[in-house]
Amino acid sequence: MHLIALQNLSVTYGGNTVLSNVTFGIAAGEIVTIVGPNGSGKSTLLRSVIGAQMPSQGSVTRSPDLRIGYVPQKLHIDPTLPMTVRRFLSLPDRVSDQQAVEALQQAGAGQLSSRQMADLSGGQFQRVLLARALLCKPQLLILDEATQGLDQPGSAAFYQQIETLRETLGCAILMVSHELHVVMAASDRVICLNGHICCEGEPEHVASAPEYRALFGSGTQGALALYRHEHNHSHDHSCGHDHGKDVVLSQTPDVTEEARG
């Protein structure tokens, strides 16, 4: 059973088709990575998944009462505004100290509660955003270029934390990133997007696919092997779709839109 399923999804802005006939589903506990060049429709796809973008054709089906946590590409906070991490986690809805502590610990940021948001490093800031996304105890966690600006060790550590969350919380994870090797290494399934799904499957399969190598270069396949590790568990990678009840999310994040050119 899928938490969310897209069926023949197409999105058109004016006369420009950004996404065409996109079909895939995400099962509970699965880590799915979307990769693609700039302007390939990745952010438009995320907007469709969370309900912020209505499809021109096709459908998005979500399991009833699906809880979605979202970690944005970036979030600007006025550096002159005094705000602790603990205070930030209670915006806009107040959470208890126990909820805040638990979320920060799960995000690997348990020591940051009293720190000023303006004083955090890039990696610390992203872990606080992750903690905020975890407050709703998500069944599906979405990350949109969540490690942009971090160095490679910082990115690798962040995605290792994400995989730990999958193991401990059982949530599914949908990621979008340009960091092909590190992100793909942490994924069960990779979808290569360029306005449509070019190829899809396990990371090794996608990395060797002609469509992927045409977009990203032949050298990416060998580099992936440096980061790939073995899972000691298995997941259902079937491509069936669950036509459950559509739900409207009470709050949708502001996702940066893809270039429409």
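Values in this document were obtained by computation on a predicted structure and should not be read as measured data. (Residues numbered from 1 in each chain as written. Predicted model: local features only at pLDDT ≥ 70, side-chain atom pairs only at ≥ 80, totals over all residues. Heavy atoms only, no water.)

### Points about the packing of aromatic side chains
Here's step 1: Summed over the entire model, instances satisfying the criterion amount to two aromatic pairs.
Here's step 2: Relative to Tyr-159, the ring of Phe-158 lies with its centre 5.8 Å away and its plane at 85 degrees, an arrangement referred to as edge-to-face. In terms of burial, Phe-158 and Tyr-159 fall into one category: buried.
Here's step 3: The interplanar angle of 45 degrees and the centroid separation of 5.0 Å between the aromatic rings of Tyr-212 and Phe-216 together place this pair among those described as tilted. (Phe/Tyr/Trp six-rings, centres within 6.5 Å; stacked < 30°, edge-to-face > 60°. Buried < 20%, exposed > 50% of the residue type's maximum accessible area, 1.4 Å probe, protein only.)

### Observations regarding the pattern of salt bridges
Here's step 1: Per the stated rule, a full pass over the model turns up seven salt bridges.
Here's step 2: A salt bridge links Glu-163 to Arg-166; the shortest N-O distance between them is 3.7 Å. In this pair, Glu-163 and Arg-166 are both assigned in helix H5 (residues 152-169), three residues apart and thus about one turn of the helix distant. Exposure class is identical for Glu-163 and Arg-166. Each is buried.
Here's step 3: Each of Glu-163, Arg-166, Glu-167 and Asp-188 takes part in a single network of salt bridges with overlapping partners. (Salt bridge = Lys/Arg side-chain N within 4 Å of Asp/Glu carboxyl O. Helix = DSSP H or I, 4+ residues; strand = E, 2+ residues; numbered from the N terminus.)

### Regarding the pairing of strand S1 (residues 2-13)
Here's step 1: Buried residues dominate S1, accounting for nine of its 12 residues.
Here's step 2: With eight bridges joining them, S1 and strand S2 (residues 16-27) adopt antiparallel strand pairing. Counterpart to Leu-9 in the pairing with S2 is Val-22.
Here's step 3: Here S1 hands over to S2 after two residues, with Gly-14 in that stretch at a positive phi of 60 degrees.
Here's step 4: Looking at chain direction, S1 and strand S4 (residues 57-62) are connected through five bridges and run antiparallel. Bridge pairing in S4 places Gln-7 opposite Ser-59. (Pairing = 2+ DSSP bridges.)

In short, shape yes, function no, at least from these values alone.
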